[in-house]
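Given next are the chains, with one letter for each unit.
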Amino acid sequence: MDEPSMPNSSAGAPQTTPPTGPPTPPIPLAELLAREELVLRRIAGPADADLLWVHTSEMADPYPYLLGGELLLSAGVLLTDPDHYVGRLVQAGAAALGFGVRPVHETVPAALIEACDRQGLPLLEVPPETPFTTIARAVWRLMAEARHRELRRVTRAQQALATAAARPDPVPAVLHQLATQLGGRAALLTARGQELHAAGRRPDPEAAGALTRLARVVARERPGSPSSATDTHGGTHLSAYALGGGEGLVLALATRQRESGDHTVAGIAVVLLSLLAAPHQGADAAGRSAALVRMLLGASPAEVAPLLGSTGPWTVIHARRTDGAPADALTAGALGASLGTALVDAERGAGEAVRVLLGPGQEPDRIAARPGETAAQARPTAQPGETTPDPARPTAQAVERAPEPARPTPRPGWTLGASAPTPVTALAAADAVAARALAHARATRAPLTVDAPTGGLAALVPPEQAAAHARALLAPLTAPLADTLRCWLSLHGSWDRTAVALGVHRNTVRQRIGRCGELLAMDLDDMDVRTELWFALRQT
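Residues numbered from 1 in each chain as written. Predicted model: local features only at pLDDT ≥ 70, side-chain atom pairs only at ≥ 80, totals over all residues. Heavy atoms only, no water.

Take unusual backbone geometry next. Residue Arg102 is joined to Pro103 through a cis peptide bond whose omega torsion reads 10°. Relative to the assigned elements, Pro103 resides in the loop between β6 (96–100) and α3 (110–119). At Val39, a residue that is not glycine, the phi angle is positive and equals roughly 55°. Its place among the elements puts Val39 in the loop between α1 (29–33) and β2 (41–44). A positive phi angle, near 60°, is found at Arg102, a position not held by glycine. (Helix = DSSP H or I, 4+ residues; strand = E, 2+ residues; numbered from the N terminus.)

A few words on a nonpolar patch on the surface. On the surface, Val77, Leu78 and Val104 cluster together into a nonpolar patch covering about 250 Å² of accessible area. As for its placement among the helices and strands, Val104 is situated in the loop between β6 and α3. (Patch = residues over 30% accessible without salt bridge, like charges linked within 9 Å, V, L, I, M, F, W, Y side chains within 5 Å. Areas by Shrake-Rupley, 256 points an atom, 1.4 Å probe, with all protein chains shown as cover. Salt bridge = Lys/Arg side-chain N within 4 Å of Asp/Glu carboxyl O.)

All of the buried residues in helix α14 (residues 495–502) are Thr498, Ala499 and Ala501. Looking straight down α14, one finds its buried side chains confined to an arc of 165°; they lie on one side. Just beyond α14, the residue with positive phi is Gly503, at close to 70°. (Buried < 20%, exposed > 50% of the residue type's maximum accessible area, 1.4 Å probe, protein only. Arc of directions from axis to C-beta.)

Here the focus is the environment of Ala443. Position of Ala443 among the secondary structure elements: in helix α11 (residues 427–444). Distance in space between the C-alpha atoms of Ala443 and Ala499 is 8.2 Å, their sequence separation being 56 residues. Those residues within four positions of Ala443 in sequence are excluded, and the remaining contacts are Leu491, Arg497, Val500 and Ala501. (Contact = heavy atoms within 4.5 Å.)

In contact at an axis separation of 8 Å, helix α4 (residues 132–165) and helix α5 (residues 170–182) are set at 160° when each is read in the N-to-C sense. In terms of their interaxial angle, α4 and α5 are classed as roughly antiparallel. Remark: the crossing between α4 and α5 carries right-handed chirality. Between α4 and α5, the contacting residues are Arg153, Ala157, Ala160, Leu161, Ala164 and Ala165 on the first element and Pro170, Ala173, Val174, Gln177, Leu178, Gln181 and Leu182 on the second. Residue composition of the contact of α4 with α5, grouped by class: 10 nonpolar, two polar and one charged. (Axes fitted to C-alpha atoms, helices over the stretch in contact; angles between N-to-C directions. Parallel < 35°, antiparallel > 145°, perpendicular 65-115°, else oblique. Left-handed = near helix turned anticlockwise from the far one by under 90°. Nonpolar A, V, L, I, M, F, W, Y, C, P; charged D, E, K, R; others polar.)

Remark: helix α13 (residues 479–490) packs on helix α15 (residues 506–520), axes separated minimally by 9 Å, with the N-to-C direction vectors making an angle of 105°. Classified by the angle between their axes, α13 and α15 sit roughly perpendicular to one another. Taken together, the residues of α15 that come into contact with α13 (itself represented by Leu481, Thr484, Leu485 and Trp488) are Val509, Arg512, Ile513, Arg515, Cys516, Leu519 and Leu520. For the contact of α13 with α15, the per-class residue count stands at eight nonpolar, one polar and two charged.

All chains considered together, the criterion is met by 18 salt bridges. In this structure, Arg88 and Asp61 form a salt bridge, with 3.1 Å as the shortest nitrogen-oxygen distance. Residue Arg88 is located in helix α2 (residues 82–92), and its partner Asp61 is located in the loop between β4 (53–56) and β5 (70–74); the two are separated by 27 residues in the primary sequence. Classification of Asp61 as partly exposed rests on a relative accessible area of 25%. The closest approach of N and O atoms between Arg355 and Asp431, which form a salt bridge, is 3.1 Å. On the criterion of sequence distance, the pair formed by Arg355 in strand β15 (residues 354–358) and Asp431 in helix α11 is long-range, its members being 76 residues apart. Taking relative accessible area as the criterion, Asp431 reaches 21% and is therefore assigned partly exposed.

Let us now look at the nonpolar core. Judged by nonpolar contacts, the single largest core of 31 residues is most densely connected at Leu161, Val174, Leu175, Leu178, Leu251 and Leu253. Elements that contribute at least two residues to this core include exactly α4, α5, β8 (184–189), β12 (250–255), α7 (262–277) and α10 (329–339). Setting aside residues up to four positions removed in sequence, Val174 forms contacts with Leu161, Ala164, Ala165, Ala269, Leu273 and Leu276. Of all hydrophobic cores here, the second largest spans 21 residues; its members include Ile27, Leu71, Ala138 and Met143. (Core = buried A, V, L, I, M, F, W, Y, C linked by side-chain atoms within 4.5 Å.)

On to the sheet that holds strand β13 (residues 315–321), then. Within the open sheet, the five strands sit side by side as β14-β15-β13-β16-β17. Their pairing is mixed. On the outer flanks of this sheet lie β14 (344–345) and β17 (448–450), each paired with one strand and no other. On the sheet, α11 packs against β13, β15, β16 (414–418) and β17 and is oriented at approximately 35° with respect to β13. (Pairing = 2+ DSSP bridges.)

Next up on the list: the confidence of the model for the protein. On average, residues of the protein score 80 in pLDDT, and 79% of them are at 70 or above. Note on residues 1–19: pLDDT is under 50 here. Beyond four places in sequence and across chains, it has 21 contacts. (pLDDT = per-residue confidence, 0-100.)

With that out of the way, let us pick up the sheet that holds β5. Strand order across the open sheet formed by five strands is β2-β7-β6-β5-β4, with mixed pairing between neighbours. Lying at the two open borders of the sheet, with one neighbouring strand each, are β2 and β4. Within this sheet the neighbouring strands show an average axis-to-axis angle of 30°, counted without direction. Relative to β5, β4 is paired through four bridges, and the arrangement is parallel. Across the sheet, residue His55 finds its bridge partner in β5, namely Leu72. Sitting on the sheet, α3 is in contact with β2, β6 and β7 (123–126), with an inclination near 80° to β2.

This part takes up the packing of aromatic side chains. Aromatic rings in a pair are described by how distant their centres are and how their planes are angled relative to each other. As enumerated under the stated definition, the model contains one aromatic pair in all. For the cation-ring pair, Arg88 lies above Tyr63, with the distance from its terminal atom to the ring centre recorded as 4.1 Å. (Phe/Tyr/Trp six-rings, centres within 6.5 Å; stacked < 30°, edge-to-face > 60°. Lys NZ or Arg CZ within 6 Å of the ring centre and 35° of its normal.)

Relative to the elements of secondary structure, Gly333 occurs in helix α10. Each C-alpha atom of the pair Gly333 and Ala277 lies 7.5 Å from the other, and the pair is 56 residues apart in sequence.

This part covers the pairing of β13. Across the seven residues of β13, six count as buried, placing the element largely inside the fold. Relative to β15, β13 runs antiparallel, the two sharing five bridges. By the bridge assignment, Thr315 is partnered in β15 with Leu358. Alignment of β13 against β16, held across five bridges, turns out to be antiparallel. Among the inter-strand pairings, Ala319 is bridged to a residue of β16, identified as Leu416.

Put into structure tokens, the structure is as follows:
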């Protein structure tokens, strides 16, 4: 197995830097030979070779002037020792030799043919009617065509990967699309080699093991790790790319062949996966850690809210995949990032909804200070026809506006239930409200249900009196019965939708609602009764 290609930091060891190739894909020798107008014929050496350049030289030893990968064209003006000449070309890394017959040589020298066969250098016979410049022009044309094909392929791949990144499960979708584009295996690995997501045909166990070892080479667990590395195992090409974000994640690829543009396509995927897998930076990571520690040590939510980047109001969102598939941490994190928050809980267990905590939609507006002023010294500037307000008298313009609450919007592939904006001290109640909103959204097949804050006539009753009345009215009901009644009323008395929202049989809903009517001694078909109960249930 070849050693992984990576920087070598050994002191004192001589290092040979391979020449930088042109910004065009290599041209297979067979494509040049297929151009019938050139009348080229391979008469010695292997059939497979990749051309990077075209160069013409009549020097006895062109070695110092070659970069590697050239098709060297010569008429053999100074050819005296074919074996030495071919050896120097092979040492320089020449891809092939094109020998022009006449006027110097009537035919290609037999000794040159033998030397090329022996040392593995393709030898082409160039007829007198084919100028060297025509060959060079044909090679550059082939390179331009190959470059155009590569750009089109990369553009299509970029569009496909970007579309995949917009899916509700962006990380698996990007890996699947990448595996399709490259025709191999694409996997997201941790620094220890654990596979988080993968797509494409799995390589044989030995190649898979080599890929895991290669991933550890680039995992950024120690300073100086390379950002990428390549290797080969048998006929399988292996590549590993470190993702940004400092999480130690690695994109690992295994393909049966390596084509021009593959590295560019992989680079696009690395950028997308780095953005999708890295934690969203809407709130400072240190602040979130400090908030968690303080809450564990007994601080109240109101005390730690400023460390989360805002004092509120907060919106609690419960979310489930529309297709019913479970959401892993990366997929849930991508949902949070699309909503503009890093506060995501996806670790409550299989079958549980993802919970997202959303802060205000924007920070308070402040009067901008001019250069040389502090914020306290800044004053609004009067417009023509206006007077400048007295700094000693507060005005509506000088007062900061309260932060606007976040407005969640539907997300493709997700069903969301959101609470109304609430202060940090009422997050527990908002969590329960969001859960009910999600159940309502799933029952009505709506992409988003937002619980509306209390308003209208209900807002005219003092909250303390409303809560006391609700407790007295609903006292006969157990918590499950109250939840069933609330859900049933929110869905306009639909037995089927209530059953879907609660995850029970419709007959169970009928029995519970009947029991509620008995305990409350009320006719639940009466609209006035339903209104009274709905008002009470909204207070709990």
